[in-house]
Amino acid sequence: SQQGEEDPQALSIQEGENATMNCSYKTSINNLQWYRQNSGRGLVHLILIRSNEREKHSGRLRVTLDTSKKSSSLLITASRAADTASYFCAARAGNMLTFGGGTRLMVKP
Amino acid sequence: EAGVAQSPRYKIIEKRQSVAFWCNPISGHATLYWYQQILGQGPKLLIQFQNNGVVDDSQLPKDRFSAERLKGVDSTLKIQPAKLEDSAVYLCASSSGLAVANEQFFGPGTRLTVL
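Here the structure is a predicted model, which means the values were calculated and not measured. (Residues numbered from 1 in each chain as written. Chains lettered and ligands numbered in written order. Predicted model: local features only at pLDDT ≥ 70, side-chain atom pairs only at ≥ 80, totals over all residues. Heavy atoms only, no water.)

1. Regarding the overall build of chain A
Counting its secondary structure elements, chain A contains 0 helices and 11 strands. What you see in chain A, going N to C, is helices and strands ordered as β-β-β-β-β-β-β-β-β-β-β. A globule of 109 residues ought to have a C-alpha radius of gyration of about 13 Å, and chain A, at 13 Å, matches this closely. Taken over the C-alpha atoms alone, chain A extends approximately 40 × 25 × 20 Å along its principal axes. For chain A, the proportion of its 109 residues judged to be buried stands at 47%. Surface exposure of chain A reaches about 5,100 Å², of which carbon and sulfur atoms provide 46%. Each charge sign in chain A was given a centre, from 14 positive and 9 negative side chains, and these centres are 5 Å apart. (Helix = DSSP H or I, 4+ residues; strand = E, 2+ residues; numbered from the N terminus. Rg over C-alpha atoms; globule rule 2.2 N^0.38 Å. Buried < 20%, exposed > 50% of the residue type's maximum accessible area, 1.4 Å probe, protein only. Areas by Shrake-Rupley, 256 points an atom, 1.4 Å probe, with all protein chains shown as cover. Lys, Arg positive; Asp, Glu negative; His and termini not counted. Charge placed at Lys NZ, Arg CZ, Asp CG, Glu CD.)

2. Here's the deal with the side chain of Gln 6 of chain B
All names here are of chain B. With respect to the helices and strands, Gln 6 occurs in strand β1 (residues 5–7). The class of Gln 6 is buried, set by a relative accessible area of 7%. From its side chain, Gln 6 meets the backbone oxygen of Tyr 90 in a polar contact 2.9 Å long. Of note is the side chain of Gln 6, whose polar atom sits 3.0 Å from the backbone nitrogen of Cys 92. Setting aside residues no more than four positions away along its own chain, Gln 6 makes contact with Trp 22, Cys 23, Trp 34, Tyr 90, Leu 91, Cys 92, Gly 107, Pro 108, Gly 109 and Thr 110. (Polar contact = N/O pair within 3.5 Å; in protein donor to acceptor, adjacent residues only side chain to side chain. Contact = heavy atoms within 4.5 Å.)

3. What about the environment of Gln 14 of chain A?
Residue and element names in this part refer to chain A. Note on placement: Gln 14 falls in strand β2 (residues 10–14). Taking relative accessible area as the criterion, Gln 14 reaches 37% and is therefore assigned partly exposed. In this structure the C-alpha to C-alpha distance between Gln 14 and Ile 29, which are 15 residues apart in sequence, comes to 34 Å. Once you skip the residues sitting within four places of it in the chain, Gln 14 turns out to touch Ser 79, Val 107, Lys 108 and Pro 109.

4. Topic: the confidence of the model for chain A
On average, residues of chain A score 92 in pLDDT, and 95% of them are at 70 or above. Mean pLDDT across the elements of chain A bottoms out in strand β1 (residues 5–7) of chain A (84) and peaks in strand β7 (residues 61–66) of chain A (98). (pLDDT = per-residue confidence, 0-100.)

Pasting the structure below:
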């Protein structure tokens, strides 16, 4: 079964707008990771937030983690057409990395 | 640094046939993973190796799927016989070890279509 559930399943925005994706998970975790997948390509690791961290930034990415609610969010600021992709959260618990169903983001130029 | 290599990139077979996928991880990476990604879903872990030993294969349908990493480097994943529901992208990933902070690097995947 999938550890993470993502919301929304699909998101369409204009270039320059911010995009927010949410992820919920079920069990205690070591960390929460976000990946991007472009059409027909493999997954690319974006950012990792540890279970004892609440917020992390990397360039235009901002990730938050609320372990009490078992949820995380990914914010992409000032989106670009090149950000069009599917975004997956993945919860790391022990040896297992379990992915959510993904959010399909479309950024219109 | 070369990434994770997979072949073939695409494969079309008929149900009940056999198929094999190959993965070459990043040099020096001890941990290798095989994931199955069905269209519209996130990847699901099938099997995880540490060197040539299996760490976790709890989600591998062992009646038809098998995987090996005999020399602790390359790995093959086999399906025999294939079913329609095996149509998916099979992703291979590697990491430097089992530590929880280790990033997994993914290959481009093999897209399998079972007719």
